Amino acid sequence: MRNCPSCQPPAKSFDKNADLVVALAGNANVGKSAVFNQLTGVGQIIGNWPGKTVERAEGMLKYEGLKIKIIDLPGIYSFSTYSMEELVSREFIALEKPDIVVNVVDASALERNLFFTIQLLELDAPMIVALNQIDLMEHKGISIDYNKLEEILGVPVVPTVAIKGKGISELTEQIIKLTEQRRATPTIKYGKEVEQRIEQFAPLLGKIDIGYPTRWVAIKLLEKDNVITRQVGGIDETIVEASETLAKELEKIHGEPSSVVVSAERYHIADEIARIVQRVGVQESTLTDKLDRIALHPVLGYLMVLMVVGGLLIWTFIIGAKISNLLSDLLGPIEQLEPVVSGPLGNILWNGAFTGFVAGITLVIPYVLPFYIMLALIEDSGYLTRISLMLDKGTHKLGLHGKAIIPLILGYGCNVPACYSCRIMETPKQKLLAAFLVTLVPCIARTIVILGLVAAFVSIWWALALYVFDIILIVLLGRIAFKLVPGESLGLIMEMPNYHVPSLSVAAKQTWVRTKSLIWIVFPAYIVGSAVLQTFYAAGWLNSINNALSLITVGWLGLPTVTGILLIFGVARKELTILMLAIIFHTTNFGSIMSPVQLIVLALVTMLYIPCLATILTLAKEFGWKEASAISVFDVGFAIFLGGMAFRLLSLFM
Amino acid sequence: MDIAGEKGTAKTSEVANCLDNAPASVTEVFQNMAQKGLVEYEPYKGVSLTDKGLEIAKNIKRKHRILEVFLTKTLHISCKKVHDEACRMEHSISDEVGDAICRQLDAPARCPGGKLIYPCDKRIKTCNECKGTSEEEVSAGQRKIVPITDLKPSQTGIIAFLRGGQKVIQRLSDLGLTPGTEVILMRKTPMDGPIEVSVRRTSLAVGHDIADNIFVEAAGAS
């Protein structure tokens, strides 16, 4: 390909470490992350629900000696200022100027996707269209004339099935080819009324340079885009006044806000293009239609939600307990029987580390694996959005809407990604409310504590009761928080993706990515934490910490004195409470050291008392320290209050 | 209209009960109305509104709800009284006054009780357009415009206009619900849950409150 070194130097990239920078842009849930994974080999989490990629992911592709940096942008439908993602993406594409923008398009919904393609063309980005999911398109009885589409758009069009890796090498070739020889992007002409006004007005902008193409700025001013209006207004007030007059004329003619007029025009163009390149045959009843007849059925639908969410937890309980027993039996013979509290420091440290390792293997891994596999399968199937739809009405009571169900369900896995996914909510109020409720969802770490303490030594029914109690709490607290937190709430507007049969290999990869981070980052924490704890123990420092906290732990909660240190460690990772308990008493038979009431109270407090360190940091990053500390302080106070109440109530009859 | 509900007919006794009147006098009123072509009345069976009657009833209902908003929001009359007050006023104000109040209140979408206020039948495209105009410019039109939530499952409609906050309108049009677009109502969910709309080969779930403000010209079931 690069056989002519004298022709053209590779395009200049803003990144020092890469020869080329390629950004992936497109609507939500069209397979950008799948394309990204195919290009880079990086395991970016993929799932079949819109809004999954919130942070832009970066990866490197090495191709014929070139280092190509690939950036996966969050999925958006438009370049308005509806959400942060839209704003950030357009600034990135226009101002940081990636060498190539690959517009990933869902071939089975061409019109809607072209609406965004048109806007990318307006941003004057050098681009390639990756026409993805052509298998699904064919399934829907649609065929597209790729050459014709390429001709109309004036950019290369590559058909792909990213999930299966089809068309990816052609895409890479096109990327290289385009950097060597850029094509001029055609100007998309609007209807007469809009076009006249753009033309009338664009020359005025000649001297204004805010980094965006002139024509694009003119269109945005007509749309009354508040960010661009402010920017241009800061330079020349008269231009903004002129654009407002023109926008008013448009609104007078059409009777709609000028932004809607422009959107309607864009859709008109998209429909026109689709009409020319697309042939639509007869569509038979698809899998999605058939499944939705059950999944969205007024009675069966709710049953299915219950079965899937309940099934996810029960499956984790059963399979987790089986693996856990198996591993305990395997590791039993080599496990130390007595904690080493005297002797050389090296022995103490080694012993602590080893116990931490064993406890991690037997208590954490068995539950994490089955949960994540099942969650990945559910995510991949597209069913999460159906749960959102079915439960929308209920979440209104919490000032949220159905989409909030997605972070809440992800929260059962880990609160950190769940808090990030709160970005799919529209307003700051809804994001904060959803994140607050997510911190109350027992993540897999807390599930381990509940299972290890309550299900194993009291009864599975008490463990389930804790879950049900937790859901009631979420509803009640959500309702109160909705009244207290200021701000607006918007209703549900969500795209419903097609179902597809979840792929085992995708689910396995997903599970591996999630478990891997646990093994590499968290496992060492167990080992180091255990070693440190045992050193503290040997040195006799534990007592002072425990005594300081005993007023709460013993006096109010009725727990053994040692729980003070457990709850401190638990701030770092929730499952550390149970691991440390195992280390201190050197047994995983917690039934022998605490009464059933104590076990339930400890599990209840651990479930609620504070978001773990990583979650607090995520909250601070997303909402600021004030909100993060408010949520944490509330959780601590509330959990201690509830724990004490539970201790007194349960002691009456247990 | 409310009593008849889905069936379309109301029994004389039901109406009498509701109005606290003797059945005999209700029957008399019905016969009177039937002569004017507002209702179809069959002795012993009951009464149903004709198309003409339905139009008038809808118009009065619209005025009633707008008046409720006006009484609560502008005049700060207590919630308990607004219904009765509005009941008395709805018959005496003209269409012109009703529409003027509507404009003054920025075309409210719902009455204080949360019920939907239907758009008027003016020959204008959107409420937005109405705001800047005077009465002479907007005369009565014939378009049959209903909220998308009034469509039946798998019925087609053409988007007439959207009502609501700027952000919501922007989002809906970005997702393809632009005026003039053909949409199909795929399904409704019970208890006023979200609806599913098919537009440009994609499927959208829209909350009921938002969907009530998407107005369409209804077409036949496909």
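Residues numbered from 1 in each chain as written. Chains lettered and ligands numbered in written order. Predicted model: local features only at pLDDT ≥ 70, side-chain atom pairs only at ≥ 80, totals over all residues. Heavy atoms only, no water.

Undergrad: Please set out the overall build of chain A residue by residue, giving values where relevant.
TA: Regarding its fold elements, chain A presents 28 helices and nine strands. The C-alpha radius of gyration of chain A comes to 28 Å, within 12% of the 26 Å expected for a compact globule of 654 residues. When its C-alpha atoms are laid out on the principal axes, chain A stretches across 80 × 60 × 55 Å. By residue count, 57% of the 654 residues in chain A fall in the buried class. The contacts in chain A between residues at least 6 apart in sequence include a share of 74% that link residues at least 24 apart. For chain A, the computed accessible surface area is about 26800 Å², with 64% contributed by carbon and sulfur atoms. Between the averaged position of the 53 positive side-chain charges in chain A and that of its 56 negative side-chain charges there is a distance of 3 Å. (Helix = DSSP H or I, 4+ residues; strand = E, 2+ residues; numbered from the N terminus. Rg over C-alpha atoms; globule rule 2.2 N^0.38 Å. Buried < 20%, exposed > 50% of the residue type's maximum accessible area, 1.4 Å probe, protein only. Contact = heavy atoms within 4.5 Å. Areas by Shrake-Rupley, 256 points an atom, 1.4 Å probe, with all protein chains shown as cover. Lys, Arg positive; Asp, Glu negative; His and termini not counted. Charge placed at Lys NZ, Arg CZ, Asp CG, Glu CD.)

Undergrad: Requested: an account of the packing of helix α20 (residues 444–457) of chain A against helix α21 (residues 460–484) of chain A, with residues and values cited.
TA: Residues and elements named next belong to chain A. Look at α20 against α21: their axes get within 8 Å of each other, and the N-to-C directions meet at 145°. Pair α20 / α21 crosses with right-handed handedness. Note on element contacts: α21 touches α20 through Ile460, Trp462, Ala463, Leu466 and Tyr467, opposite Thr447, Ile450, Val454 and Ala455. Broken down by class, the residue content of the contact of α20 with α21 amounts to eight nonpolar, one polar and no charged. (Axes fitted to C-alpha atoms, helices over the stretch in contact; angles between N-to-C directions. Left-handed = near helix turned anticlockwise from the far one by under 90°. Nonpolar A, V, L, I, M, F, W, Y, C, P; charged D, E, K, R; others polar.)

Undergrad: How would you sum up the nonpolar core? Please name residues and give values.
TA: Residue and element names in this part refer to chain A. Ranked by size, the top nonpolar core spans 107 residues in total, and within it Leu400, Leu437, Leu453, Leu533 and Leu608 carry the most contacts. In terms of residue count, helix α26 (residues 596–608) provides more of this core than any other element does, ten residues in total. Those residues in contact with Leu533, other than ones at most four positions away along the chain, are Leu542, Ile565, Phe569, Met580, Ile583 and Ile584. Within the second largest apolar cluster, 62 residues are counted, among which are Leu73, Leu153, Leu205 and Leu222. (Core = buried A, V, L, I, M, F, W, Y, C linked by side-chain atoms within 4.5 Å.)

Undergrad: Let's hear about the interface of chain A and chain B: which residues, and what values?
TA: Interface size is often expressed as the accessible area that is lost when the parts come together. Each partner contributes residues to the interface: chain A has 42 residues there, and chain B has 34 residues. Each partner contributes to the roughly 3600 Å² buried at the junction of chain A and chain B, and carbon and sulfur atoms together form 58% of this total. On the surface where chain A and chain B come into contact, there are three salt bridges. Where Glu111 of chain A meets Arg201 of chain B, a salt bridge forms, and the shortest distance between an N and an O atom there is 2.6 Å. Counting across the chain A and chain B interface gives twelve residue pairs in polar contact (both at pLDDT 80 or more). Secondary-structure elements contributing two or more residues to the side of chain A that touches chain B are α3 (110–122), α10 (237–254), α11 (258–277), β8 (278–280), α12 (287–295), α16 (383–396) and β9 (493–495) of chain A. (Buried area = accessible area lost by both parts, 1.4 Å probe. Salt bridge = Lys/Arg side-chain N within 4 Å of Asp/Glu carboxyl O. Polar contact = N/O pair within 3.5 Å; in protein donor to acceptor, adjacent residues only side chain to side chain.)

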